[in-house]
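Single-letter residue listing:
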Amino acid sequence: MTLKAAQLIYTNVEKEQSPTARGGFQTVLSTHDSLNKNQIRQIEQYLQYNSGFTDPIKKLFFTINQGQQIVLVHIHPMPDADAFKHSERYFAHALIFEAKDWDNVRAEPLSILRTFSFFETVEQALDQGDFTTGNIGLVEVETSIPIDSVQIKLWNLDTLIQMVLYAAQANLLARRKQSLAYIGSPEDMTTVLEPILRLVPNVLRKDCCFDSFFYKCNPVANYFWAVGLPEEPLGGKFIKIDIAKQQIITTSPLQPNTIFEHWITKQINAGSILQIFEAVEDSWLLCNWLDNKLTIEHLPEQVPEWILSTISELNETAIIRQARGRLNEVLPKTLVELIAPRLELSKLDGERYAELRLGFSVSPLLDLVFEELTNSGSKKWPPRKVMTAVSTVATSSQHPALSILLAIRHNLWDEVSKLLQSLTNDTYTQIIERFLKCKFVPSLRLFVPNKESLFVKAYLPDTADSTAVKNFILHLLEVDALNVLSVLGSHLDTLSNRDLKIINNKLLRKRLPEAFEDALQRVIESRESPQNTTVPQDKQQSQSSYVSQSHPKSNFWSNLWPWSKKYRS
């Protein structure tokens, strides 16, 4: 990706090379449409260069115009003296970016300073600039430099972590007027510093202004977060770092304070530096959101699973707090408390991240509410405040199960029947199975026309034993729910003769559904048949006192005849 940058050329020239016809140090060229006199003055005050030792190239990074513009500078020493025998000559080429554009591409200063082709002579600059006006146009700068081009020095991890924390807490050092002094050559300083700056997000990186060759410069006049010095300074509020020895000389350790700082510390100790480079921006956004420093709108659409996993390990409390906040947007607090244990709110994976970023879907949450309210074996209705909370969301959310539960609670049985009949067979079965598990719902009131077989299947599954079948039939007879009997024909053959006799005594004075009478007749006739003399082992003893296998029409069957269809008719 490329950015357009304004340019500024500052150097010592003869008057013949100056658009203003004066010799000495001056801004020879600048992008007039982007830089006014005040901005030019701000840049010029940083452009100090004092020859010394090997007269190295100097690189600077700072902001002007109250942080609205980013400045990168490449200063090249000039070996020849001017007409006045001044030998301290140098050539500075500055690139000036708009901060908003810089932020959009998350640019990194040292990689640009390393790869961009800066001018080193007035002649090169004048080829592109207008000598008569002193204007030079915008230039396109490549900002997407591959991360694998960064040279990484494998320092002691504790020292590396400290340097990253110094970058992450650059504002703190600025308030203290402390600077990092990297002792060694400017080339070594920038080599060490480039991966450090890539390990912090762009928003923090902009505070990490630096001068790679601060030799004989005044730290009071121009504050830099980090400076390069050829030898150890005697004064100043410097945190001294010896590049050759790869150690921090001045003991001024920092501790991780934010979720992001804890995350980056842990990842440096455990992971690949290149992998962290790619994750820093998204991780910082997510960590600051958990720290309540950013709103949900700042989060990226997707975050790699490994980032979510490593962040979730650091601060479960923050994740739970944010998740509860999002849940409270769609459910009353009472219901959030009810289902929270089932949601694993401390978990942070791709699915949960999407819920946190976009908001929870109401329907699945209400499904959980319904399941919690219809726990197996529950004997009492949920507390009034819970049911009040349910009533506030069930209707507006059009959740059928909760709407039915509320109708049952208020004894609106016509409404219950209407709602149950409107359900698909699968949904009806699922809801009925939940209601049948709790004791406070009158089960037989859930039986509706056209869904009789579904109800019986839920009430009497295929594994139901004869005792359950008998008790169900007796219960139906007791409450006069005779219409349900019509779908019980397939279950009658599971009953023993003793059970049939017990049921017989209840049936004598009741008019049964025709389907049930037909099924009952078939069972009777099959047991009246002389060929049907085989009796299951477990029922032989109970039937021996009623059934004579040699005389099928014993007294027992005589007692059954009165409600056999052929005798009743």
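Being a predicted model, the structure only gives us computed values, none of them experimental. (Residues numbered from 1 in each chain as written. Predicted model: local features only at pLDDT ≥ 70, side-chain atom pairs only at ≥ 80, totals over all residues. Heavy atoms only, no water.)

Digging into the overall build of the protein chain
Scanning the protein chain for helices and strands turns up 26 helices and 13 strands. For a compact globule of 569 residues, the expected C-alpha radius of gyration is about 25 Å, and the protein chain comes in at 42 Å, more than 25% above that figure. Across its three principal axes, the protein chain shows a C-alpha extent of roughly 140 × 45 × 45 Å. A total of about 27,800 Å² of accessible surface is found on the protein chain, and carbon and sulfur atoms cover 47% of it. (Helix = DSSP H or I, 4+ residues; strand = E, 2+ residues; numbered from the N terminus. Rg over C-alpha atoms; globule rule 2.2 N^0.38 Å. Areas by Shrake-Rupley, 256 points an atom, 1.4 Å probe, with all protein chains shown as cover.)

Things to note about the pattern of salt bridges
Counted by the stated rule, this structure contains 16 salt bridges. The partner of Lys58 in a salt bridge is Asp211, and the shortest N-O contact between them spans 2.9 Å. Taken together, the residues Lys58 in strand E3 (residues 58–64) and Asp211 in strand E10 (residues 210–211) connect sequence positions 153 residues apart. Of the two residues, Lys58 and Asp211, both sit in the buried class. (Salt bridge = Lys/Arg side-chain N within 4 Å of Asp/Glu carboxyl O. Buried < 20%, exposed > 50% of the residue type's maximum accessible area, 1.4 Å probe, protein only.)

Focus: the nonpolar core
Among the nonpolar cores identified, the biggest contains 179 residues, and Phe62, Tyr182, Leu193 and Trp225 are the most heavily contacted of them. Here the element with the most residues in this core is helix H10 (residues 273–290); it accounts for 11 residues. When neighbours within four sequence positions are excluded, Trp225 is seen to be in contact with Tyr166, Ala167, Ala170, Leu173, Ser179, Leu180, Leu193, Leu197, Asp207, Cys208 and Cys209. Residues Met78, Val122, Ala125 and Ile136 belong to the second largest nonpolar core, which totals 10 residues. (Core = buried A, V, L, I, M, F, W, Y, C linked by side-chain atoms within 4.5 Å. Contact = heavy atoms within 4.5 Å.)

Quick word on the environment of Arg511
With respect to the helices and strands, Arg511 occurs in the loop between helix H22 (497–507) and helix H23 (514–528). By relative accessible area, which is 62% here, Arg511 ends up exposed. The sequence separation of Arg511 and Leu482 amounts to 29 residues, and the corresponding C-alpha distance is 8.3 Å.

Side note on the packing of aromatic side chains
A ring pair, where both rings are aromatic, is described by two values, the distance of the centres and the angle of the planes. Scanning the entire structure with this criterion turns up 20 aromatic pairs. Consider the rings of Phe455 and Tyr459, whose centres lie 5.9 Å apart with planes at 25 degrees: the pair is stacked. Here Phe455 pairs with Tyr459, and both are found in helix H20 (residues 452–459), just 4 residues apart, close to one helical turn. Of the residues examined, Phe455 reaches a relative accessible area of 0% and is grouped as buried. For Tyr459, a relative accessible area of 29% gives the class partly exposed. Chaining the aromatic ring pairs together yields one cluster made of Tyr10, Phe25, Tyr49, Tyr90, Phe213 and Tyr215. The ring of Tyr223 carries Lys177 above its face, with NZ or CZ at 5.6 Å from the centroid. Here Arg409 stacks its cationic end above the ring of Trp381, 5.1 Å away from the centre of that ring. (Phe/Tyr/Trp six-rings, centres within 6.5 Å; stacked < 30°, edge-to-face > 60°. Lys NZ or Arg CZ within 6 Å of the ring centre and 35° of its normal.)

Structural notes on a nonpolar patch on the surface
Together, Ile152, Leu154 and Leu274 give the surface a local cluster of nonpolar side chains, amounting to about 280 Å² of exposed area. By the element assignment, Leu274 lies in helix H10. (Patch = residues over 30% accessible without salt bridge, like charges linked within 9 Å, V, L, I, M, F, W, Y side chains within 5 Å.)

With respect to the pairing of E3
Of all 7 residues in E3, 6 are buried; the element is thus mostly enclosed. Both E3 and strand E4 (residues 69–78) contribute to a ladder of 7 bridges, which runs antiparallel. Across the sheet, residue Phe61 finds its bridge partner in E4, namely Leu72. Hairpin geometry of E3 and E4 is characterised by an intervening segment of 4 residues between the two adjacent antiparallel strands and by a positive phi of about 55 degrees at Asn65. Where E3 meets E10, 2 bridges bridge the pair, whose relative direction is antiparallel. Each residue of the ladder has a partner; that of Phe61, found in E10, is Phe210. (Pairing = 2+ DSSP bridges.)

Let's talk about the confidence of the model for the protein chain
Chain-level statistics for the protein chain give a pLDDT mean of 86 and a share of 91% at 70 or above. For the stretch residues 533–558, pLDDT sits under 50, and the model shows 28 contacts to residues farther than four places along the chain or on other chains. Low pLDDT (under 50) marks residues 565–569, which in the prediction has 15 contacts with non-local residues, meaning those over four places away or in another chain. (pLDDT = per-residue confidence, 0-100.)

Section: helix H15 (residues 362–373)
Look at H15: 16 Å from first C-alpha to last across 12 residues, which is about the 16 Å you get at 1.5 Å a residue. For H15, the complete set of buried residues consists of Leu365, Leu366, Leu368, Val369, Phe370, Glu372 and Leu373. (Expected span 1.5 Å × (residues − 1).)

Things to note about the side chain of Thr143
For Thr143, the position within the fold is in the loop between strand E8 (139–142) and helix H5 (157–168). Every residue in contact with Thr143, bar those within four places of it in the chain, is listed here: Met1, Thr2, Leu3, Val105, Ala107 and Ile112.

Side note on the side chain of Asp499
Among the secondary structure elements, Asp499 is positioned in helix H22. Note on Asp499: relative accessible area 9%, which makes it buried. Discounting chain neighbours no more than four positions away, the residues touching Asp499 are Ser466 and Lys470.

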